[in-house]
Structures are given as structure tokens and as C-alpha cells.
Amino acid sequence: MAAKGRTELEVGADGVAVITICNPPVNSLSIDVLYSLKESYEEALRRSDVKAIVVTGKGGKFSGGFDISSFGDVQGGQTTQPKVGYISIDILTDTLEAATKPSVAAIDGLALGGGLEVAMACHARIATPMAQLGLPELQLGIIPGFGGTQRLPRLVGLTKSLEMMLLSKPIKGGEAHELGLVDALVSPNDLVNTARQWALDLYELRKPWIKSLYKTDKLEPLGEAREILKFARAQAQKQAANLHHPLVCIDVVEEGIVAGPRAGLWKEATAFQGLLFSDTCKSLVHVFFSQRATSKIPGATDLGLMPRKISKVAILGGGLMGSGIATAMILSNYPVILKEVNEKFLNAGIDRIKANLQSRVRKGKMTDERYEKAMSLVTGVLDYEHFKDVDLVIEAVIENVKLKQQIFSDLEKYCPSHCVLATNTSTIDLNLIGEKTKSQDRIVGAHFFSPAHVMPLLEIVRTQRTSPQVVVDLLDVGKKIKKTPIVVGNCTGFAVNRMFFPYTQSALFYVDLGLDVYKIDRACTKFGMPMGPFRLADLVGFGVAVATGMQYLESFPERVYKSMLLPLMMEDNRAGEATQKGFYKYEGKRKATPDPEIMKYIEKSRGMAGVTTDPELLKLSEKDIVEMVFFPVINEACRVLDEGIAVKASDLDIASIFGMGFPPYRGGVMYWADSIGAKYIHGKLQEWTKRYGGFFKPCSYLAERAAKGIPLSAPVKKVQARL
Ligand SMILES: C[C@H](O)CC(=O)SCCNC(=O)CCNC(=O)[C@H](O)C(C)(C)COP(=O)(O)OP(=O)(O)OC[C@H]1O[C@@H](n2cnc3c(N)ncnc32)[C@H](O)[C@@H]1OP(=O)(O)O
């Protein structure tokens, strides 16, 4: 089998051996690369014409870390792994760091995970200002495994190193220099030459020859270190109580501080090995590759089309969504025309954009200068005069079909013929919106999630007539504004909202049957959702929830539960967080407090539904509740796949994580479903159908796969995808 990457060794007349990591696209450290690194080092150490060593990466990237694509093979036992500690101790510590010749890492682009760990085993590091350095392993469910838990605290101190590891947050070259992680900052053109000179300076002892593993000056005294570790443990528990590996990371760091770095390295190597086989790691690696796969769209991105240049964007509507979308655009330097119907609404829209940006300034994420520059990209208008040279329009007005139809026929008149015409509707069929135009080939959905400048998902909706070029254009804009796109087909609710509609629906149903609102929310948050269905309904607002419900009722009447609870509460101006009261009370800073008063609405709703409460429901465990809320979501996700609305199951995993906050460490809704098994889910849905009725009826896709033992995520063959 051909080697997966290698290193190259080149010895200069100055006596410096430059070892270059070559494994495109990100110079990941496959086992082949690591063995080759060891061989190159051994050769450099052997050769009498080599005085010192520089390690760098090909093509302006040091290394993106250990080869994640090999994790699957390792977990499945398809490849034999080196013995525990071989890479971190035998290669990086006892070959690189303990070498009799000094080495310097020359870092441009990425030095992530194993990449940074290799660099930290060198005796000095030179970086460019734009280089990104970090240990993001925890986002893959593992811990740094090549000595990072030991060397990073010794180079930047405990507090900063824990922050970088626990938040998987890389830093730029400049900050790394200030912290002492890198020794000098230079331009990319000077990088290798400066590193060569530095290596020779080390060789000549003109500069100190430092082994990071044995540095102690940055480490806090033991008492203080214990306090920092205690605080980190509490924070890790608070942020993700279901996750074990952040605590393992802290334990391993502690071991190095208490028992010495060599003991720390051993503990790290053993823990790394164990975590590599955990369900959390498997799920998070699935998420990593699924996220990258969302922008590979059959029939669009495989046609060799290049995205067209989008120089100017127009947004219609300066409400919550429109202003959020405008904010996302200007943050990525797109000039934006914001159109409203009158001066008052326009000013309110501009003020919202200002408020979005000011909040970033307050949090220290944006300078005043950058704020001014971003705001200068927005032009507020009341007519279509400025639309003659726009390349992309995003309509974000209220969900009214007639209004949208009018707008799209106006857009056809005023925008140039190449302009992409996008709508941010969250539910309305795109064919209906474009019905009065002849521009169906350039009409597309650009469904953002609120707040649009924060939420990472962009649902791109394609009708049967939308041209592949338009999809490619929008994918490119999505990438530039740093969104994760999923491309889906056209139907009421599209993929994301449709899949998650049963989340609230089933919850409302169980409340009528006697289950407690807060118990349901608690079970869902313990499972890992950012909020339960009732807290979510409060956040979205009952008005929106009811309006969306009406759309579903029209399209899928057989599986909409007509609860009266929301309309009843709305009658008393109890419509969610915006009215300070919904299922919770809101006082002060968005703190949600349970409110016993809701019982009177629940009792009335139960009476109107004519249902008797089911005492069996009161005995349910949290696991049962989670199943009862999520299995209908899985059922709908299966329909979405079966109908070809989504291309692949992993897109729905990403949609559930980035659109709804489904816990990534469970791999997304379909991945989680397969971990439970179609047969079990089908059996439960059938049982509830008998007991409670048609809302739970398993769809044919689910029934068939359960019967045949086929995973729900296995590719859909029989239907022609609607894309
Ligand atoms: C023992 C050690 O401690 C363990 C480790 O090192 S674990 C690995 C730690 N490293 C990481 O977590 C970094 C993961 N990668 C990333 O965050 C991002 O890919 C990046 C910042 C490096 C680049 O981002 P970006 O430029 O947007 O490109 P992106 O599309 O993500 O990646 C480009 C390609 O490289 C692949 N890739 C990125 N990092 C990789 C890695 N570490 N291993 C294998 N493939 C990798 C991606 O899958 C993608 O492949 P594709 O083109 O076939 O889809």
C-alpha cells in the first residue's frame, strides 16, 4: 500500500537539515509521516555535515495534527497501532527533544494537535503572525496524546494551557509569541531562514537550548495549581456534565505537575489510548467528517462549476432575521443594501445591526475601528433604485406568501439577470414564493437560524428548478460568512424545522396526558440539549410557534397534534420570553423560573383535548422521556430522507447539532438513532401508536429498515433524491 505522506530531508551548506512534513492538504501526521519523521531525524543526527535541524510543513502549513481519517481504522482494528507511548515518548521525547543536535520548528499556517506537539518537542519555535497554534483534541473526544498535556502548561502556564485545551481554542502567532509559546515572530518569507539561523545559534550556544518538558518557570506553585485545577474541573462539569474526557485531560495535566512530566507522559499515553475507543470520540469524529461532507452536493459541486463573485448583497427586511443576516454579511466584508418599507423600520433595522456589533465590541471581540468599518458597509434604502448592480438578494420579511410573491416579481424587475434571488423563509414552499416570476432557476432558500449572525447553520433550499450554479454561489457565500451549510430539497419546513417540529409537538402531547412541563425540559437538558422544548418555545415565541404549526397542519394534517395550550396562554398575553411569561417567568437577565400558574392553562387545555391523564406517564424515567420526545423526531427525519429532502443522513446529524443544539458528542440525531437501533425505535413507536394514536406511527422507511436490520443512516437507494 502507498505511504500516506512522508517527510523530506534537505541539508544546506550551512549545516542545517530542514525536515519538511508533506501530507496534503493539511500535512496531517499519519503513522507513515511519523515514522518518516523519526527516520529523517535519525539521519540528520547521524550525518556529520548536519549541525542543527529545522522542522517545517510543506505549502505554508506546519501540520493539522494526527491523521483523523485513520481513527476509524484504528477503532475498527483494521490497522495495528504502535505500542502505547511509542510516538510521544520514544519518538518525540527521546528522539527529537533529547537529540544531541538542536531543532527549531518553523511554523506557518496550522500547528494544531499533534502538529503543535511536534513543535513543542523542538528546542525553539518561530512562527508567522497568522499561524494558528492549538490543541483542539478535546473537540474530537480525546486528549492531546503526543505530550501536549505536559509541554503546553510548561510553556504558557496552567491557566492558559487549560483554556486552550478545554475550549479547543487555537491562538494566533502574535498571542503565542506574547505567551512564550513561540520564540520569535517573522513574515512567511523570512520564516525558514530565521529558523535556520536560530538553530545555528542554539548549536553555537548563542541562545538557550530549552527542553519544554523540563521547564518549570511558567508553572504555578503547587497550592495555586491545585486551585486552578479544581476550578477547571468545576467549569468542565458545568459546561458538559455528560462528558468524561475533559476531566481525564485535567487529571493527566495534574499528574505531570504532581508526579513529574515523565509520569505525566505515561498517564497521557494510556488515557489517550483508552479515549480513542470511546463512543464520544467515535461520535465526534463522525461529526468532524460529516460537517466537511455537507458541502459536497451531487449534481452541484461535482459539475466543475466555479462560484461567481458576489460583490454586493441586498437584504429585504430589517427585522430580527434581516438585521442578523446583514450583520453576518458585513462581518465578512460584504457591502450590504438594507431595504425597508419606511424610515422608522429602516432606522430600527440599522439600530439592530449596530446593537449586534456593539455587543461584540463590549465583549472585546471587535475594535471600535473595525466596528466603524463594518457599519460603513451598510446602506439603508427605501426603494429598489440601488438594486441594479446587486449580485445576491436575501428576502427576510414576515412569513406572508402574497407579500413574498410581490417582492419576488419586483426583484425580477429591478435586479440584474445574474442576481441570485434568495428567501430566508423557514417554512413556505419556494415554488409558491416564485410562482409569479420566470426566475425559478435563480430562486433559492437561504434559511438562517436566529440569531443569524451567531448561529452556525445555513440551510440552502433548492427546488427542482434552482440551477446548480446558484447553489455553488450560495455555498461559497456560506463558507465566507463562516456558516456550515446543508443543501436540502423543497417542502414545508424543509429539513431542519420539519425534523424538529415533533420535538415540541410530542412534548405538548405528553403535557396534555399528564406529564410535567419542567420534568420534560429537565430530561432533555440532562440529555445534552441546550434547552428543553418548553424553554425553546418561550425563546422562539408562541406567535411563531403557532404560525408554523398552521403550516404543518396544512401540509401534514395526519401527524399534527392540535394542542390548545399555546393559544390559551397567548390569550393572557403569555407568549414566551418576549412577554416576560411563557412556560417560565422571566425577571431580570433572561433567567427562567418555573411558574406554578401554568397549571391552570394546562388543565384547561387537557379539558379541551378531552384526554384523560395517563398515570403510567408519571412513572417514566428521564431516559423514557427523552425517547418519547426524540423518537418522533427520528421518525420525521426518516421521512425527510426517504422523500429525498436531505441527500444523506449525516447532513441531518449536522443540521440537528448546528440548528437545534443536539449534543455533538452523541453524533447527531441519525447517528444516535443507529446507536440505539432501528428495531428498538420502531418497537417503541408502534407501542405508543397503539396506546396514544397516529402521531407516533412509524413511517415505512423506519419500518422497512427495522425489519431488515439496515441502519437508518445507510444510503437511500430507492428514491430519486429531490435535489
Ligand atoms: C495525538 C494528537 O494529540 C491527536 C491529534 O492531533 S488529533 C487532531 C488534532 N487536529 C485537529 O483537530 C484539527 C482538525 N482540522 C481542523 O480543524 C480543520 O480541518 C483545519 C483548521 C485544519 C483546516 O480547516 P479548513 O481550511 O476549513 O479545511 P477543512 O475543510 O476543514 O480541511 C481540509 C481537508 O483536510 C482534512 N483534515 C483536516 N485536518 C485533518 C486531520 N488532522 N487529519 C486528517 N484530515 C484532516 C479535512 O477532512 C478536509 O478533507 P476533505 O477536503 O477531504 O474534506
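Residues numbered from 1 in each chain as written. Predicted model: local features only at pLDDT ≥ 70, side-chain atom pairs only at ≥ 80, totals over all residues. Heavy atoms only, no water.

As annotated in an unreviewed UniProt entry, the protein carries the name 3-hydroxyacyl-CoA dehydrogenase and is attributed to Urochloa decumbens. Of the protein, the UniProt comment under Subcellular location (unreviewed entry) reads exactly: "Peroxisome". According to the UniProt record, the Pathway (unreviewed entry) comment for the protein reads "Lipid metabolism; fatty acid beta-oxidation." (UniProt positions renumbered as here; feature names shortened; annotations may be inferred.)

Draft legend 1. Structural detail: the nonpolar core. Judged by nonpolar contacts, the single largest core of 85 residues is most densely connected at Ile520, Phe583, Phe630 and Leu712. Here this core gets 12 residues from one element, more than from any other, and that element is helix H25 (residues 622-642). Apart from residues lying up to four places away in sequence, Leu712 is in contact with Ile634, Cys638, Leu641, Met670, Ala673, Asp674, Ala678, Ile681, Tyr701, Leu702 and Arg705. Of all hydrophobic cores here, the second largest spans 71 residues; its members include Leu29, Leu92, Val253 and Ala271. (Core = buried A, V, L, I, M, F, W, Y, C linked by side-chain atoms within 4.5 Å. Buried < 20%, exposed > 50% of the residue type's maximum accessible area, 1.4 Å probe, protein only. Helix = DSSP H or I, 4+ residues; strand = E, 2+ residues; numbered from the N terminus. Contact = heavy atoms within 4.5 Å.)

Draft legend 2. Local environment of the UniProt feature "domain: 3-hydroxyacyl-CoA dehydrogenase NAD binding" (unreviewed entry) in the protein. Sites flagged by UniProt as "domain: 3-hydroxyacyl-CoA dehydrogenase NAD binding" (unreviewed entry) map to residues 312-490. Measuring from the first to the last C-alpha atom of residues 312-490 gives 26 Å, for a span that is 40% helix and 21% strand.

Draft legend 3. Layout of unusual backbone geometry. With an omega of 5 degrees, the peptide bond between Pro24 and Pro25 qualifies as cis. Note that Pro25 resides in the loop between strand E2 (16-22) and helix H1 (31-46). Ser450 connects to Pro451 through a cis peptide bond whose omega is -10 degrees. Mapped onto the fold, Pro451 is located in the loop between strand E15 (443-448) and strand E16 (457-462). The phi dihedral of Asn333 is positive, around 70 degrees, even though this residue is not glycine. The residue Asn333 is located in the loop between helix H13 (320-331) and strand E11 (336-339) in this model. With relative accessibility at 43%, the residue Asn333 sits in the partly exposed group. Notably, Phe494 is not glycine yet its phi reads approximately 50 degrees, a positive angle. Tracing the sequence through the fold places Phe494 in the loop between strand E17 (484-489) and helix H19 (496-512). Owing to a relative accessible area of 0%, Phe494 belongs among the buried residues under this scheme.

Draft legend 4. The site of the ligand, seen in detail. Near the ligand you find 26 residues, and of these Gly114, Glu117, Glu137, Arg292 and Lys296 are the closest. Between an oxygen atom of the ligand and a main-chain N or O atom of Gly114, the distance comes to 2.8 Å. A distance of 2.5 Å separates an oxygen atom of the ligand from a polar atom in the side chain of Glu137. Expressed as a share of its isolated accessible area of 980 Å², the protein-covered part of the ligand is 73%. Examining the composition of the shell around the ligand, we find that 3 residues originate from one element, helix H12 (residues 279-293), more than from any other. A per-class count over the shell around the ligand returns 14 nonpolar, 7 polar and 5 charged. (Near = heavy atom within 4 Å. Polar contact = N/O pair within 3.5 Å; in protein donor to acceptor, adjacent residues only side chain to side chain. Areas by Shrake-Rupley, 256 points an atom, 1.4 Å probe, with all protein chains shown as cover. Nonpolar A, V, L, I, M, F, W, Y, C, P; charged D, E, K, R; others polar.)

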